[in-house]
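Each chain, written out:
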Amino acid sequence: MRARRSCLAVPGSNPRFLEKAQSLPVDEVFLDLEDSVAPSAKEGARRSVVAALKEGDWGGKTVVVRVNDLSTPWTYRDVIEVVEAAGDRLHCVMLPKVEEAAQVRWLDLLLSQIERTVGLPVGGIGIEAQIESARGLVAVDEIAGSSPRLETLVFGPADFMASIGMRTLVVGEQPPGYSEGDAYHYILMRILMAARARDLQAIDGPYLQIKDIEGFRRAAGRAAALGFDGKWVLHPGQVAAANEVFSPSQADYDHAELILDAYEYYTTVEGRGAVMLGDEMIDEASRKMALVISAKGRAAGL
Ligand code: GLV
Ligand code: MG
């Protein structure tokens, strides 16, 4: 699995941002052809994105291009122009506003044709599917199983809130007047279940109040606590918080390693099942939970 704690959105029409993104310590960068690019700039953005893919130094980052959604006239040319010219530099294509499995299968087939044509390994380019409407959420299980190329399901809160008529203009925060509970909980859990049932990653979307790092940290912390793998970042100021929030703390990582070592010793050397580790009882399920924290810690370099 690729690291995706911080997924940086970069408007494909802005050469300065395309340059700057290369130096930021994010796990993933996605070069956007969709909603951060004005309709009149769409075609120029394709060329800028291809140039940035070919000439940029993206280090060890996961490199993704977000194409336009299938209700627009641009999607097929976005895919063809970018993947034909720079498919060897690309890990995934992100498809926004996915509402049915057939849309992902369309992208899968198109990618296979392009890969064959340009001599890339067929199936090598992955897909990220954004779930950002009521229709997409209702079909999320089917979407999650639609293609072996799928790597992640990505929540798109801005489009989603518009789609369901939520009474808010603030993306990533609770809607005004909703003081009990978490208005995002059901949606996040629904996406997470569909993703995990198919061994996919689950990524939380943007937090638009880019100056409010504490607010970002709170929203990211909620998704991380549920099990999400990462969150979009829109600004350099959000990067460190995302990387930190989606990595386990050193104390949790050390504790997970301790559980694994202790459990290994008691079960294999002493032949016991459930055992006490200090004041805590651990068993096979504790080992599985510890493995999750340990794997996230290792991926974060702890
Ligand atoms: C992202 O695409 C969103 O709509 O929030
Ligand atoms: Mg969106």
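Everything quoted here is computed from the prediction, not taken from an experiment. (Residues numbered from 1 in each chain as written. Chains lettered and ligands numbered in written order. Predicted model: local features only at pLDDT ≥ 70, side-chain atom pairs only at ≥ 80, totals over all residues.)

A closer look at the site of ligand 1
Then, in step 1: Contacts to ligand 1 come from P96, Q130, E132, G156, P157, A158, D159, G205 and P206.
Then, in step 2: A total of 3 residues in the shell around ligand 1 trace back to one element, the largest contributor, which is helix α7 (residues 157–164).
Then, in step 3: Residue classes in the shell around ligand 1 are distributed as 4 nonpolar, 3 polar and 2 charged. (Near = placed C-beta within 6 Å. Helix = DSSP H or I, 4+ residues; strand = E, 2+ residues; numbered from the N terminus. Nonpolar A, V, L, I, M, F, W, Y, C, P; charged D, E, K, R; others polar.)

Concerning the UniProt feature "binding site: Mg(2+)" (unreviewed entry) in the protein
Then, in step 1: According to UniProt, the feature "binding site: Mg(2+)" (unreviewed entry) maps to E132 and D159 in the numbering used here. Judged by maximum C-alpha separation, these annotated positions cover 28 residues in sequence but sit close together in space, the widest gap being only 5.4 Å.
Then, in step 2: Look at E132 and you get buried, because 25 C-beta atoms sit within 10 Å.
Then, in step 3: With residues up to four places along the chain from it excluded, the contact list for E132 reads P96, K97, G156, D159, F160 and S163.
Then, in step 4: Setting aside anything within four residues of it in sequence, one finds D159 in contact with K97, E132 and S133. (UniProt positions renumbered as here; feature names shortened; annotations may be inferred. Buried ≥ 20, exposed ≤ 12 C-beta atoms within 10 Å, placed from the backbone. Contact = placed C-beta atoms within 7 Å.)

Section: the pairing of strand β1 (residues 6–11)
Then, in step 1: Counting buried positions along β1 gives 6 out of 6 residues, so the element sits mostly inside the fold.
Then, in step 2: The side-chain alternation of β1 yields two buried faces, one formed by S6, L8 and V10 and the other by C7, A9 and P11.
Then, in step 3: Running through helix α1 (residues 15–21), the crossover from β1 to the neighbouring parallel element strand β2 (residues 28–32) is right-handed. (Right-handed = clockwise from strand over helix to strand, strands pointing away.)

Re the UniProt feature "binding site: substrate" (unreviewed entry) in the protein
Then, in step 1: Following the UniProt record, the feature "binding site: substrate" (unreviewed entry) maps to R66 and E132 here. Across 67 residues in sequence, these annotated residues keep their C-alpha atoms within 14.1 Å of one another, forming a single compact spot.
Then, in step 2: Considering the arrangement of structural elements, one finds R66 in strand β3 (residues 62–66).
Then, in step 3: Taking the C-beta count within 10 Å as the criterion, R66 has 26 such neighbours and is therefore assigned buried.
Then, in step 4: Those residues in contact with R66, other than ones at most four positions away along the chain, are F30, D32, L33, E34, M94 and P96.
Then, in step 5: Structurally, E132 is set in the loop between β5 (126–131) and α5 (134–138).

So, the sheet that holds strand β8 (residues 230–233)
Then, in step 1: Read once around its circumference, the closed barrel built from 8 strands follows the order β1-β2-β3-β4-β5-β6-β7-β8, with strand pairing classed as parallel. In this sheet, adjacent strand axes meet at a mean angle of 25° when their direction is disregarded.
Then, in step 2: As judged from the 3 bridges shared by β3 and strand β4 (residues 92–95), these two strands associate in the parallel manner. In the strand pairing of β4, V65 is matched with V93. (Pairing = 2+ DSSP bridges. Axes fitted to C-alpha atoms, helices over the stretch in contact; angles between N-to-C directions.)

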